[in-house]
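Next come the chains, spelled out residue by residue.
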Amino acid sequence: MRGLKVYAITYLVFLYAPIILLPLFAFNDGTIIAFPLQGFTLDWFVELARTEALHDATVNSIFIAVTTAILATCFGLFAARAGNRHSFPGKGGILGFVMLPLVLPEIIVAVSLLVAMLQVGLSPSIWTVIAGHVLICTPFSIAILNGSFANMDKSLEEAAVDLGETPVSTFRLVTLPLVMPGIVASLLICFTISLDEFIIAFFLSGNEPTLPVYLWGQLRFPGRLPVIMALGTILVILSILLLVTAEYFRRRGLRRAGLEDTGGFL
Amino acid sequence: MRGPIITLEGVQKYYGEYHALRGIDAEIGQGEFFSLLGPSGCGKTTLLRAIAGFEDISGGRILLDGRDMDGVPPNRRPTNMVFQSYAIFPHLSVAENVGFGLRKSPMSGAEKKTAVGEALEMVGLGGYGGRAAHALSGGQRQRVALARALILKPKVLLLDEPLSALDKKMREQMQTELRRLQRQVGITFILVTHDQEEALIMSDRIAVMFEGGIAQLAPPQDLYRRPASRKVGEFIGMMNFLPARLIEAGNPSVEVEVPGLGRAILEPDQCPMGTGGEISIGLRPESMTLLFDGQNAERVAQGVVEERTYYGDMTYYDIRLDGAPNIVQVSMRNMPGRRVLDRGDRADLAWDARAMVLFC
Amino acid sequence: MSQTARLRRAFRTDSGKGLTLVAPPFIYALVMLAAPLGTILLFSFWTQDFLTIDRTFTLDNYREALSDPLYSELLFRSLRIAGAVTVVTVLLAFPIAYFVSFHVRPDRKSLWLFLITIPFWTSYLIRVFLWRVILAFDGPVNGTLMGLGIIDEPLSWILYNANAVIITLAHAFAPFAILPIFVSLEKIDRSLLEAARDLGESRVATFFRVTLPLAMPGVLAAILIVFIPTIGDYVTPRLVGGSGGTMIANMIQTQFMRLNNAPMGATLAVIAMLSVTVISLLLVFVTRRWTRGR
């Protein structure tokens, strides 16, 4: 099985190729994005700090990502709980429909939201982007929280009620602590998705661009590319940090529940 | 049995079309060890959960200490439960688990601590309070679950298949221990189990349930010696069923003819239902004896050993009776100097009409 | 029983609680997804003249979309590219899923999965853009190949055409293909494989007669989960596709944003969705004998 392992490592190199190249060009002292590299510089990061429009886009993106993460995780909690703890008519159809944006081409989601919003007289803004992002993040949140709820023995909640707690205090004392790692993971993942999402933001942000939309605009100017590389490096590092944190919480959740680790998020 | 702590009156439960409980009537006494015994799907767990308040019943009443429990949520009922999975909170320590239900009690912190210590002591886990709950073994979890429920001094302790997750040795140990604990605290225990042996060992009275109804409610000895129906007899222990012919339905006793054995006169308590139709008699393997070398008995039948199964302490024989199509199973304790018969050997079989039950 | 008491009792039942819980996300999805998709469908039957929408029902858009070779060419190219991406991605992904499931120590599996998913969570835009850099005329791929003397002049067929789109999307959707296959491989009871060997099959034959058929549900899920979203990809064709690599999503965007012809954009979106749905259903139908009952 040596060959398979070599293949797996080659594949990992293929997967990581773009994000390995990114910092190379971000610190490269040359305006052209090509080999050979010229020399080390921090100019592009300094340039980033001086760009006003970028700061606005960053503020927009962070506001959108935080709001999206909170709303999508709330929806995720509701849906995951309903799916794991109750049976109700039309369950499969309802949950399937809520999960639909996971497989729907994003352009369809973006275009239809844009058309519908213009029809009811809403103009594109940060809030319309949030609306779209919540829609596409909710399925991810449900997938993560499904894991948390499925790992939790149903009789734990019954035991708490049996020992005198009300449904509300049971949620606070038993359910929440056990699902908390999943909630944190969901918040972080939704934040990451929203922060990186481009197409919906492209269609729905109007004149309040998010970071990716700003980035897209800059791709047209060859002279700006090194700065974009610097920005990209920061974004990628941020994403990886968020992911590692999310993974840490997910594993902690498993340990707390005294369970074996069986895989990743999806 | 002192006065009833639980009264079940025509308890019904539907899941959609499915009739899970078909009118359960029973009284469970104060301080009684009561078992609900039956195969899976018979409704025993549903009934237990209805008493705990986790299932709304569709009809009838559940009275707990004289109070109608309709609409009373589980947290307000004077019952506590030991769950099949034990439901030990994995994010809390052993002591926090045991003290979980004391959160709203008026006890001071120090008193609670003492109570938790005592409860752990009682189940043999003194000094385990600081341990993480998910690091416990199955038997220890079970003890924590018991301590956690008993610390609240419930009027009734409900146990949902509490021993099914344990291995055989641990199970046998916990059976005696549960029984001892129940005598010590004097609380009514209701045990759900599908293991007839476990029910016989532990209970004061057993309700055998089939298909949502109670088939028989009796103390262990009565249940074993005088099953109320063929189904109960089949479910509990082993029993031979032999077709029989009614000779005379006298008052009060009944005379029947059993092909291969002969005639027998049965007392009324041996005839649970007298509705006519096909009749058969039930006879436990150990209530018959093989006769060896000149032993004699009042009523003897003859036959041939068809099959023999050796268990170490016991040997089970399948014996085909002369002049009848019937095969009866007989168990014999293996004793020094007692032969073990082989297949094909002839055998003399002593039987006693007092051990028979008549089913129609 | 009074009205409110009956209501309260209905909420107390299991399905009542479930429906109450699922209502917020469901209603949100209805308002934010079902209604907009409905609007798009309506739009596809309307026409637009500069900025005014003519709401008379017409099938003209569909007629035009299906007869104009520009549109049908784009649609077929999108399907072709998405198909190729799917095949490449799933073929490349299967050995990885197999490796992680069968040859990685159990306690290392989640680390591998984590490593595989990390790139997927980083900015899509930047990843695609970097493929443009990697595949460029003077990029590292050509540089390395020329440096090794394998080629004399830079390869031109790897950028600004459909090939570039396929490479880039195969990269972007890798985890989507690996994870479902991995899950279905993990579910295979290992004793089944031992049983096959015990019954006289070779390792290879065991793989084809036991492992692969049992992994089919995962493979099908991988195919669908890659194929459906790639049809509608916008960024990759724009950045690395050149003129020969543009896809239907680019045309939809152009109709909406540049040509102010929302109805035509809507029509193309509906046609794209319908084709995806039909092809997916066909796939599910064709493969049902391998995926049935699992």
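Basis of the calculations
Residues numbered from 1 in each chain as written. Chains lettered and ligands numbered in written order. Predicted model: local features only at pLDDT ≥ 70, side-chain atom pairs only at ≥ 80, totals over all residues. Heavy atoms only, no water. Contact = heavy atoms within 4.5 Å. Buried area = accessible area lost by both parts, 1.4 Å probe. Salt bridge = Lys/Arg side-chain N within 4 Å of Asp/Glu carboxyl O. Polar contact = N/O pair within 3.5 Å; in protein donor to acceptor, adjacent residues only side chain to side chain. Helix = DSSP H or I, 4+ residues; strand = E, 2+ residues; numbered from the N terminus. Phe/Tyr/Trp six-rings, centres within 6.5 Å; stacked < 30°, edge-to-face > 60°. Buried < 20%, exposed > 50% of the residue type's maximum accessible area, 1.4 Å probe, protein only. Pairing = 2+ DSSP bridges. Axes fitted to C-alpha atoms, helices over the stretch in contact; angles between N-to-C directions. UniProt positions renumbered as here; feature names shortened; annotations may be inferred. Core = buried A, V, L, I, M, F, W, Y, C linked by side-chain atoms within 4.5 Å.

S.K.: Any chance you could break down the interface of chain C and chain A for me, citing the residues and the numbers?
M.R.: The interface is formed by 75 residues belonging to chain C together with 81 residues belonging to chain A. Buried area between chain C and chain A, both sides added, is near 7300 Å², and the carbon and sulfur share of it is 84%. Across the chain C-chain A interface, the total number found is 0 salt bridges. There are 7 residue pairs in polar contact (both at pLDDT 80 or more) connecting chain C and chain A. At 21 residues, the largest contribution of residues to the side of chain C that touches chain A is made by helix α2 (residues 14-43) of chain C.

S.K.: Please provide a residue-by-residue account of the packing of aromatic side chains, values included.
M.R.: Pairs of aromatic rings are described using the distance from one ring centre to the other and the angle between the two planes. One pass over the full model with this rule turns up 30 aromatic pairs over all chains. Here B:F33 and B:F189 contribute two aromatic rings whose centre-to-centre distance is 5.5 Å and whose plane-to-plane angle is 50°, an arrangement assigned as tilted. Taken together, the positions of B:F33 in strand β3 (residues 33-37) and B:F189 in strand β8 (residues 188-193) put the pair 156 residues apart, joining distant regions of the chain. Here B:F33 matches B:F189 in class, with each residue buried. Plain terms: the ring middles of C:Y98 and C:F207 are 5.5 Å apart, the flat faces sit at 85° to each other, and that makes the pair edge-to-face. In this pair, C:Y98 sits in helix α4 (residues 69-103) while C:F207 sits in helix α11 (residues 203-231), placing the two residues 109 residues apart along the sequence.

S.K.: Now, about the sheet that holds strand β20 (residues 346-350) of chain B: what can you tell me, with residues and values included?
M.R.: All names here are of chain B. With antiparallel pairing, the 5 strands of this open sheet are ordered in space as β16-β20-β17-β18-β19. The sheet terminates laterally at β16 (289-291) and β19 (327-333), the two strands that pair on one side only. Taking the axes of each pair of neighbouring strands and ignoring which way they run, one obtains an average angle of 50° across the sheet. As judged from the 3 bridges shared by β16 and β20, these two strands associate in the antiparallel manner. By the bridge assignment for β20, T289 is matched with A350.

S.K.: Can you explain the pattern of salt bridges? Please cite residues and give values.
M.R.: Inspection of the entire model under this criterion finds 30 salt bridges over all chains. Across the pair B:R308 and B:D342 runs a salt bridge whose closest N-O atoms are separated by 2.7 Å. You can see B:R308 sitting in strand β17 (residues 300-310) and its partner B:D342 sitting in the loop between β19 and β20, a full 34 residues away along the chain. Taking relative accessible area as the criterion, B:R308 reaches 32% and is therefore assigned partly exposed. For C:R105, the salt bridge identified is with C:D107, shortest N-O distance 3.0 Å. According to the relative accessible area criterion, C:R105 is partly exposed, its value standing at 46%.

S.K.: Any details on the sheet that holds strand β2 (residues 18-29) of chain B? Residues and values, ideally.
M.R.: All names here are of chain B. Strand order in the open sheet formed by 4 strands is β2-β1-β4-β5, and the pairing between neighbours is antiparallel. One side of each edge strand has no neighbouring strand; the edge strands of this open sheet are β2 and β5 (67-68). Sheet strands in contact with helix α1 (residues 44-52) are β1 (4-15), β2 and β4 (59-64), and its direction is about 115° off that of β1.

S.K.: Pulling in residues and values, what's your account of the UniProt feature "domain: ABC transmembrane type-1" (unreviewed entry) in chain C?
M.R.: The UniProt record annotates "domain: ABC transmembrane type-1" (unreviewed entry) at residues 75-283 of chain C. Regarding residues 75-283 of chain C, the helix share stands at 80% and the strand share at 0%, and the terminal C-alpha atoms are separated by 19 Å.

S.K.: With reference to specific residues and values, describe the side chain of C:N61.
M.R.: Residue and element names in this part refer to chain C. Structurally, the position occupied by N61 is in helix α3 (residues 60-67). For N61, a relative accessible area of 5% corresponds to the buried category. In this structure the side chain of N61 is engaged in a polar contact, spanning 2.9 Å, whose partner is the backbone oxygen of S44.

S.K.: For the UniProt feature "transmembrane region" (unreviewed entry) in chain A, give the residues involved together with the corresponding values.
M.R.: Residues and elements named next belong to chain A. The UniProt feature table records "transmembrane region" (unreviewed entry) at residues 12-37, 57-80, 92-120, 126-145, 178-205 and 225-246. Counted over residues 57-80, helix gives 100% and strand 0%. Its end C-alpha atoms are 33 Å apart. Measuring from the first to the last C-alpha atom of residues 225-246 gives 31 Å, for a span that is 100% helix and 0% strand.

S.K.: Tell me about the nonpolar core, and name the residues and values.
M.R.: Core analysis: the largest hydrophobic core is formed by 180 residues, its most contacted members being A:F198, A:F203, A:W216, C:V100, C:Y234 and C:V235. Among the elements that take part in this core, α4(C) stands out by supplying 15 residues, more than any other. Excluding its chain neighbours within four sequence positions, the residues that come into contact with A:F198 are A:P212, A:V213, A:W216, C:L125, C:Y234 and C:V235. Residues B:I6, B:I24, B:L64 and B:V72 belong to the second largest nonpolar core, which totals 46 residues.

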